[in-house]
Every structure is written in C-alpha cells, then in structure tokens.
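# Descriptive structure summary
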Amino acid sequence: MHHPPPSESVAGEPARKPGLVLLSMLSCLFGCGPRQAAEPPRDAARLVWARLADLPDPVGVAGGFVGVCGAGEGLLVVAGGANFPDRPPWDAGVKAWHDAAWVLADPDGQWQAATPLPEPLGYGVSASFAGRVWCVGGGDAQKNVASTMALGWDAAAQQLVVERDALPLLPKPVANAAGVLVGSRLFIAGGQETPDATTALATLWSIDLANAAAGWREHTPWPGPPRILPVLGAVDGRIYLVSGAEVVLAETAGAEGPQVTRRFLRDAYRFDPATESWTVLAPAPVPLIAAAGPAISLDGKQLLFLPGDDGEFFERRMELADRHPGFPRRSYIYDTAADAWLRGDEIPATVDGLATATPVTTPTVAWRGRTVIPSGEIKPGLRTPAILTAR
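Worth saying up front: this structure is predicted, and the values here are computed from it rather than measured.

## As for the overall build of the protein chain
Scanning the protein chain from N- to C-terminus turns up two helices and 31 strands. Looking at the protein chain alone, contacts between residues at least 24 apart form 59% of all its contacts between residues at least 6 apart. Only carbon and sulfur atoms are counted for the fraction: they give 52% of the accessible area of the protein chain, which is about 15,400 Å².

## Remarks on the sheet that holds strand 16 (residues 217-218)
As summarised here, the arrangement of the four strands in space is 13-14-15-16, forming an open sheet in which the pairing is antiparallel. Strands at the two margins of the open sheet, each flanked by one partner only, are strand 13 (178-182) and strand 16.

## Digging into the sheet that holds strand 10 (residues 132-136)
Working definition: the strands of a sheet are paired by backbone hydrogen bonds and lie parallel or antiparallel to each other. With antiparallel pairing, four strands are arranged side by side in an open sheet as 9-10-11-12. The open sheet terminates on both sides in strands that have one partner only, identified here as strand 9 (125-129) and strand 12 (159-164). For this sheet, the mean angle separating the axes of adjacent strands, direction not counted, is 20°. Pairing of strand 11 (residues 148-154) with strand 12 involves six bridges; the strand directions are antiparallel. Looking at the pairing, D154 lines up with Q159 of strand 12.

## Some thoughts on the pattern of salt bridges
What the rule picks out here adds up to 15 salt bridges. Across the pair D54 and R51 runs a salt bridge, and its minimum N-O distance is 3.3 Å. Judged by its relative accessible area of 37%, D54 falls in the partly exposed class. Of the charged contacts in the structure, one is a salt bridge between E346 and R330, with a shortest N-O distance of 3.4 Å. Of this pair, E346 sits in strand 24 (residues 340-346) while R330 sits in strand 23 (residues 330-335), and the two are 16 residues apart along the sequence.

## Some words on unusual backbone geometry
In this chain, G293 is followed by P294 through a cis amide linkage whose omega measures 15°. With respect to the helices and strands, the residue P294 is situated in the loop between strand 20 (277-281) and strand 21 (296-297). The backbone of E276 sits at a positive phi, close to 55°, despite the residue not being glycine. Tracing the backbone through its elements, the reader meets E276 in the loop between strand 19 (260-272) and strand 20. Even without glycine at this site, R368 takes up a positive phi of about 55°. Structurally, R368 is set in the loop between strand 27 (365-367) and strand 28 (370-374). A residue is classified by how much of its surface remains accessible, and R368, at 25% relative accessible area, is partly exposed.

## As for the packing of aromatic side chains
Enumeration over the complete set of coordinates arrives at six aromatic pairs. A ring pair is formed by F271 and W278, whose centres lie 4.9 Å apart and whose planes are at 40°; its orientation type is tilted. Both residues of the pair, F271 and W278, belong to the buried class. Here the aromatic rings of Y334 and W341 are separated by 5.1 Å at their centres, their planes lie at 55°, and the arrangement is tilted.

Definitions and limits used
Residues numbered from 1 in each chain as written. Predicted model: local features only at pLDDT ≥ 70, side-chain atom pairs only at ≥ 80, totals over all residues. Heavy atoms only, no water. Helix = DSSP H or I, 4+ residues; strand = E, 2+ residues; numbered from the N terminus. Contact = heavy atoms within 4.5 Å. Areas by Shrake-Rupley, 256 points an atom, 1.4 Å probe, with all protein chains shown as cover. Pairing = 2+ DSSP bridges. Axes fitted to C-alpha atoms, helices over the stretch in contact; angles between N-to-C directions. Salt bridge = Lys/Arg side-chain N within 4 Å of Asp/Glu carboxyl O. Buried < 20%, exposed > 50% of the residue type's maximum accessible area, 1.4 Å probe, protein only. Phe/Tyr/Trp six-rings, centres within 6.5 Å; stacked < 30°, edge-to-face > 60°.

Next up, the structure:
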C-alpha cells in the first residue's frame, strides 16, 4: 500500500440504534476521540499458527485473488496482485501488477505455476464457491475494472481454467473493496472507482453466485463515511463491516495538483439483508485498515479480526523506509451477542522457526480445516512470500 498519510477520525463508542441512523449522530461519531480506545479484556481463544510452502515469487504479492477451486477439498489458488519487484518505493521503485497464478494441491506440497490471468490485476475481491474462485473487480496503475473472472480446475488436463466475464459486470469499476460470502451470496462493500479517486465508495452490492443471471443488487449504504479497505465478516446471515479508510483531499496540494489523504476509521456496523437495515456497533479498539479478511468465525457468535494498519507510523512511512516496524500483531475478537470487543492472539514473531510479520492487503480463505493468509504486505511497499495458516 503506497498510501498518502492519514489522520484519525473515529471517536469512542457511539450510541447503538438499529436501522438507519440519523445523520445528526455522525458529527461526533467520526470527528473526535483517540486513535486507540482503552484496551479490551483478553479472550481465551488461542490460534495454532503454521506455514505452508512460500509462494514462488520471492518478493510476494499484495492484493492477490485467493481461493479454493476443484472438486473435493480442492486446490489453493493465488493469482495476480502487485509488488515492487526491483526497488522499494522510497528508493524510486515502481509498483508492478501481475498476471501470474499458482496452485497448491496439498498443504505439505509445493506451489506449481498455473494458467495466468487475462491481464495483470490486483486488489479485487475473491470468494470460493461451487469449486471455483470468483474474482470481482480490481485494477492496475491506470484503471479499475468492473469485470469478473472465475478460476476453475480441469482435473483431466491438470490445469487452471480461467473464465472471463463469469458474472455480470459490477455496477461500477472498483478496487480496494472488501467481500464476504453468505451462503451463495457474495457481498462487496466500499472501495474506489478509479486509482486516483478523491472519494471512496459507500456502496454495498451483492450477487447470488448460484443465480448469477439475476445480476447485482445494490443495498442500503451504511450510516457512516465512504471507505476503502474495510473488513467484512458474517454471522447468522448478517454482515459485519469494520474499519476502513475514508479518502479525503489533503490540506495542501502537491507538485502535480490536489493530493488525497486517508482518514483511518474504527467504526463498525451490522447489516441485516432481511430488513435492509444497519445497526451501529461498538467501534473497534484500533483501526484495522486492510486487515486480511473476511474475519474468521470462531464459534458462530464471535468474529476474529486480524490486525491491520492502525496508522501509527503511516505519516512517517517514507521517512522510516525499511526501518518501519511493520503492522501491529494484535488481533481482536468481536462478540456479536454482547456487542463488545476482546483482545485476541498476537501473530507470533516466529512460526515454524521462521521470522514472521503481520500481512495486510491479502484475503483469508478456509482450506482443509485451517484459515490461510497468503503472502501480502508486511511493511509499506514490502511484501512477503510467506503463507501463514491458523486453526
């Protein structure tokens, strides 16, 4: 994420009210309060961390399309994404988007090169359903797209099959959105329409992957700022939207004209598709921008949100360069029944004897009894080829 600096915006806990919330509430909700709330109590849940074989790209990628395709337990797929292959951004490095794809057939195996994407693309939404990985939106340096793909597996030919235009076009081009699958329905929230957009989207779209011909449905927007890079989760058919970054114009213009900055958000909401209504929830203890998602369901009532960028070092990212300490390690658990946050595990400093950092801007995917967090960004401009798992 080669981002301009943010400023914090979300206050402490707002009043909870089901349904649509009056706009008069919002000035306090988004305009005051510390970057970090009081630390919540510790939860007893413990994750067991491990690593799969590293991605063959030695740099790693952020914003890849990730999922499981094929029959049975399926194969793990990582495709597309972006990195700085030659030099980091503070050393005049140029960001590159990729079309390469890899598949992993067994947790103890090695990655194999697969059929590439039709074009270099990253920062879209992906979801696994009915033996295919559904890839929606994304973009590159020049454009964001409204197109879709589906990645399947031809067992006879032992190759990845890339189906273009597998779903109807999105209502708008979008990248840096978040997605979550509820049954056969894929929900997509937020994002930005163009790479140089001066505002984010406040849109929630969904499509039934089992009845794609019915097209995309646009839902009631949440009662808060538009945003990029939020995190979604789902419990009992309801959608949970947490954090993200609002895109706003910077106070001073750069040499090339107006510049945008980002306001880090902690707010949280629940959407009920049955009533098309939103409920304001207790805000996250810290911003969780671009955290690997969707959130992990622990017991059908709690959602574990992995750490994201909390913005602490965001304004100093170019100054710090490779001395940037990386993203926070602390995860947080949201209790849907109590509307309360608990402290979760920290991502360990070492996993399987190897140094490990917190990855962001990468999806989570369930595969063979574990949650996989593949590759991703571990410092601004730096990726990792490491593939983490938690169970």
